[in-house]
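Architecture at a glance
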Amino acid sequence: MFTKILIANRGEIACRVAATARRMGTKTVAVYSEADAGAKHVAVCDEAVLIGPAAAKDSYLRGDRIIEAAKAHGAQAIHPGYGFLSENAEFAEACARAGLVFIGPPGSSMRAMGSKSAAKQLMEGAGVPLVPGYHGDDQDPQLLQREADRIGYPVLLKASAGGGGKGMRVVERSEDLQSALASCKREAISSFGDDKVLVEKYLQRPRHIEIQVFADTLGNCVYLHERDCSVQRRHQKVLEEAPAPGMPQDRRAAMGEAAVAAARAVGYVGAGTVEFIANQDGSFYFMEMNTRLQVEHPVTEMITGTDLVEWQLRVAAGQPLPKKQHELAIHGHAIEARVYAENPEKGFLPSIGTLHYMDTPAHVAFELGGQDSTPAAVRIDSGVRQGDAISPFYDPMIAKLIVWGADRAQALARMAQALSEFHIVGLATNIAFLKRLVEGQAFATADLDTGLIERNHDALFPQAGPAPLGVLALAAASLLDGEQGIRPSANPADPWTSTRGWRMNGHYRRQLSFADDYAATTEAKAYALGVTYHPKGWTLDFGGNKHALALVARDQDRLAIRLDGNAVQGTVRREGESLHVFSGGTHHVLAWEDPLAHAGEHEAAGGRLTAPMPGKVVAVIAASGQTVRKGEPLVIMEAMKMEHTISAPSDGLVEEVLYQVGDQVADGAPLLAFKAAA
Ligand code: ADP
């Protein structure tokens, strides 16, 4: 076994690999960019090497520097994690030339599977079922048009070198093909340096089911069953679970054997995933093979009682697979939710900023479960801590929340509970959205397909409403109780300096004012609460009604109150003038209008259209001096895996375009000067 490995990655996967290495007595070397000097993965590894500036291409993608660092620090092997260099055949081969073990498959397997088109050709030969489509080398746009017309719409365009849901376009009509092709090729070249695309029939209501495979250097190859990753947005996985609901044992074996055949066909070694797309009737087609460890591998670990990173290290060291096929049974049910810094209400736009506050449900960091023991109910794999920043340079993932249950119902209940205990202040997150998703009818009843989120859009994105009374009462109780903590007198019985609102005659009354901006487009909604103090609580006067409020218990930010005789619980975190109220899986931000503080002035953005986030300009559609109509696309930016179109807010005139294609722009930077028509 290796005595020291270098981890050529960052974030949660680097921390995850380090945890197993530590358990196995293997030392770890971290690499980091200038943006990550204070990152968690640097802290959890034994040694660390700075490899370059923030941009991944200058740091985490610099294979030469990484190899140099591994040699300088005496590592024998390199674990690439996922993303970055994990599926880069040249890097794997460069490691070998430098006398280092690349913890992953041989370069030849990666090349065979790296191109979706070439992989499909190979699988066709091996008799694995394929989605009807075109995956030839001839890329003439007219030929692609004819092929798409032949296959029949809707079709899906996919970057042949693509991954992570990037470089894909659904085309509904023949006349839309050419523009989608141009946009797909643009994204493909910028993301993968290769603009080759393939065309596939776009299946209706398909499920994404993938098989975890593992092969060693001694000729053994097993499957560790399936994961269902059907719940996606923009073709990116949101929830993953194992086993797949409703999977009959014979189909599981058939898919597992097809996956092993695919792995064997390319001389595979190590951890890999064979992805299938399945129709509702159960028929399945090969989609692609990912030649690395997947983000969602923990659900497989939870139900099989394995540590897949340990398997990777053992296989890379030349040892046989720890288990045989018949020893790999399924125990219980596991679900993973990807907690992201993003704004689901704004088209899942990534959110950049600092995690000012992060309170997680009780969990383990990483633990083996499985056949012989009961796994932990909740596991969190995360690469960030409270106080860390989510930067525009890398994936905005905050954590993977993984739960295990004896069956799916128990796992679901645990997931809903864990999500309601996951509180973050500082950035927008998808936590409340995830909770609605796991509690929604479709996921709860396992009515799964890749269109689940879109199909249930109205239920998943409810109209934001005013803060409910319980939320206002939690905020009020937190403020009022907080003030009582301020006790200027040394004598706690002294009524003259108490802040309990004691008055010689009658009860002290005051007003609390809150505001929120749930109706983001209009001005903030204001809430005025009359407060009357009593010896054991307060009366709230809100909207003409009186409500009895008392604080029952408080543990720092966590409060239990009684409101009109009902128990209400929640967490109230104060950040400046903002009160973040977490209750029952919801997160309300209330601005407390402290009568002693001045209200800030809002400055209008003037006639400038600004960047919604830091990113790169990939297309400038409008020209200076051009008259445009409302909704017309003006500039396309790319940021964090997605293209964002900046459109005209109204009819008007583009006075000046301030950036060119290729320019990097900062968050909030004016992109163009725009004058609305009178
Ligand atoms: P990537 O490598 O970017 O992850 P995949 O080829 O694995 O791309 O596809 C990602 C997702 O896109 C799938 O999980 C599925 O939801 C959807 N998808 C892919 N091919 C099809 C298809 N032919 N019909 C319908 N949906 C598809």
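Residues numbered from 1 in each chain as written. Predicted model: local features only at pLDDT ≥ 70, side-chain atom pairs only at ≥ 80, totals over all residues. Heavy atoms only, no water.

**Focus: the site of the ligand**
Near the ligand you find 23 residues, and of these Lys-116, Gly-165, His-208, Gln-232 and Glu-288 are the closest. His-235 is positioned with one of its side-chain polar atoms (N or O) 3.2 Å from an oxygen atom of the ligand. The protein chains hide 97% of the 550 Å² of surface that the ligand would expose on its own. Mapped onto the shell around the ligand, the elements with two or more residues apiece are strand S7 (155-159), strand S9 (197-201), strand S13 (270-278) and strand S14 (284-290). Residue composition of the shell around the ligand, grouped by class: eight nonpolar, eight polar and seven charged. In terms of domain composition, the shell around the ligand takes at least three residues from each of domain 2 (132-201) and domain 3 (207-460). (Near = heavy atom within 4 Å. Polar contact = N/O pair within 3.5 Å; in protein donor to acceptor, adjacent residues only side chain to side chain. Areas by Shrake-Rupley, 256 points an atom, 1.4 Å probe, with all protein chains shown as cover. Helix = DSSP H or I, 4+ residues; strand = E, 2+ residues; numbered from the N terminus. Nonpolar A, V, L, I, M, F, W, Y, C, P; charged D, E, K, R; others polar. Domains from an automatic or database assignment.)

**Side note on helix H17 (residues 469-484)**
Note: α-helices contain 3.6 residues per turn, so residues at a spacing of three or four share the same orientation. Spanning 16 residues, H17 covers 22 Å between terminal C-alpha atoms, matching the ideal 22 Å at 1.5 Å per step. For H17, a buried count of 13 out of 16 residues is recorded, marking the element as mostly surrounded by other parts of the structure. (Expected span 1.5 Å × (residues − 1). Buried < 20%, exposed > 50% of the residue type's maximum accessible area, 1.4 Å probe, protein only.)

**Some details on the pattern of salt bridges**
With the rule as written, the count across this model stands at 48 salt bridges. The partner of Arg-233 in a salt bridge is Glu-342, with the nearest N and O atoms 2.7 Å apart. You can see Arg-233 sitting in strand S11 (residues 221-233) and its partner Glu-342 sitting in strand S16 (residues 342-343), a full 109 residues away along the chain. Like Arg-233, the residue Glu-342 is buried in the burial classification. The closest approach of N and O atoms between Arg-554 and Asp-481, which form a salt bridge, is 2.8 Å. Separated by 73 residues along the polypeptide, Arg-554 in strand S27 (residues 545-555) and Asp-481 in helix H17 bring together distant segments of the chain. Judged by its relative accessible area of 34%, Arg-554 is partly exposed. Counted as one network, the salt bridges with shared partners bring together Arg-16, Arg-23, Glu-301, Asp-307, Glu-310, Arg-314, Arg-379 and Asp-381. (Salt bridge = Lys/Arg side-chain N within 4 Å of Asp/Glu carboxyl O.)

**A closer look at the sheet that holds S7**
Read across the sheet, four strands follow the order S6-S9-S7-S8 without closing on themselves; strand pairing throughout is antiparallel. Where the open sheet ends on each side, the last strands, each with one partner, are strand S6 (133-134) and strand S8 (168-171). Taken together, the two bridges between S6 and S9 define a ladder with antiparallel strand orientation. By the bridge assignment, Tyr-134 is partnered in S9 with Val-199. Helix H8 (residues 177-192) rests against S7, S8 and S9 of the sheet, and its axis sits at about 25 degrees to S7. (Pairing = 2+ DSSP bridges. Contact = heavy atoms within 4.5 Å. Axes fitted to C-alpha atoms, helices over the stretch in contact; angles between N-to-C directions.)

**Some thoughts on the pairing of strand S24 (residues 509-516)**
Inspection of the sheet shows S24 paired to strand S25 (residues 525-534) by eight bridges, in the antiparallel sense. When the sheet's bridge partners are listed, Asp-516 is paired in S25 with Lys-525. The pairing of S24 with strand S31 (residues 586-592) spans two bridges and is classified as antiparallel. Across the sheet, residue Phe-514 finds its bridge partner in S31, namely Trp-592.

**Let's talk about the domain arrangement of the protein chain**
Each domain of the protein chain was delimited in the assignment, giving domain 1 (4-103), domain 2 (132-201), domain 3 (207-460), domain 4 (469-592) and domain 5 (608-676). Counting residues at the interface gives 32 residues for domain 1 and 30 residues for domain 3. Counting across the interface, domain 1 meets domain 3 through six salt bridges. Between Glu-12 and Lys-400 there is a salt bridge, with the nearest N and O atoms lying 3.0 Å from each other. In this assembly, domain 1 and domain 3 are joined by 14 residue pairs in polar contact (both at pLDDT 80 or more). Every element with two or more residues in the side of domain 1 that touches domain 3 is listed here: helix H1 (11-23) and helix H2 (40-44). No other element matches the eight residues that H1 contributes to the side of domain 1 that touches domain 3. For the side of domain 1 that touches domain 3, the per-class residue count stands at 16 nonpolar, nine polar and seven charged.

**With respect to the nonpolar core**
Core analysis: the largest hydrophobic core is formed by 39 residues, its most contacted members being Val-231, Leu-239, Ile-398, Leu-401, Phe-422, Leu-437 and Ile-453. Considering each element in turn, this core owes the most residues, six residues, to helix H12 (residues 408-420). Each residue touching Leu-437, except ones within four places of it in the same chain, is listed here: Val-231, Val-238, Leu-239, Phe-443, Leu-452, Ile-453 and Leu-460. Of all hydrophobic cores here, the second largest spans 30 residues; its members include Ile-5, Val-17, Leu-293 and Leu-321. (Core = buried A, V, L, I, M, F, W, Y, C linked by side-chain atoms within 4.5 Å.)

**Regarding the pairing of strand S35 (residues 633-639)**
Most of S35 is tucked away, with six of its seven residues classed as buried. As paired strands, strand S33 (residues 615-620) and S35 are joined by four bridges and run antiparallel to one another. Looking at S35, one finds that Ala-619 is bridged to Ile-636.

**Considerations on the packing of aromatic side chains**
For the coordinates displayed, the defined rule picks out eleven aromatic pairs. Taking the centre distance of 5.3 Å and the plane angle of 75 degrees together, the rings of Phe-348 and Phe-433 count as edge-to-face. In this pair, Phe-348 is assigned in the loop between S16 and strand S17 (349-350) and Phe-433 in helix H13 (residues 431-439), connecting sequence segments 85 residues apart. An aromatic cluster of at least three residues, connected via ring pairs, comprises Tyr-60, Phe-84, Phe-393 and Tyr-394. Here Arg-408 stacks its cationic end above the ring of Phe-443, 4.6 Å away from the centre of that ring. (Phe/Tyr/Trp six-rings, centres within 6.5 Å; stacked < 30°, edge-to-face > 60°. Lys NZ or Arg CZ within 6 Å of the ring centre and 35° of its normal.)

**Comments concerning the sheet that holds strand S10 (residues 207-215)**
Strand order in this open sheet of eight strands is S14-S13-S10-S11-S12-S15-S22-S20, and the pairing throughout is antiparallel. The open sheet is flanked by S14 and strand S20 (378-382), the only strands paired with a single partner. Ignoring strand direction, the axes of neighbouring strands in this sheet form an average angle of 25 degrees. Summarising the sheet, strand S12 (residues 236-242) and strand S15 (residues 333-340) pair through four bridges and their orientation is antiparallel. By the bridge assignment for S15, Glu-241 is matched with Ile-335.

**A short note on unusual backbone geometry**
The omega angle of the peptide bond from Tyr-153 to Pro-154 is 0 degrees, so this bond is cis rather than trans. The residue Pro-154 is located in the loop between helix H7 (141-151) and S7 in this model. Cis geometry marks the peptide bond from Ala-242 to Pro-243; its omega dihedral reads -5 degrees. Mapped onto the secondary structure, Pro-243 falls in the loop between S12 and helix H9 (249-265). At Asp-564, a residue that is not glycine, the phi angle is positive and equals roughly 50 degrees. Inspection of the secondary structure assignment puts Asp-564 in the loop between strand S28 (558-563) and strand S29 (566-575). Residue Asp-564 is classed as partly exposed on the basis of its relative accessible area, which comes to 39%.

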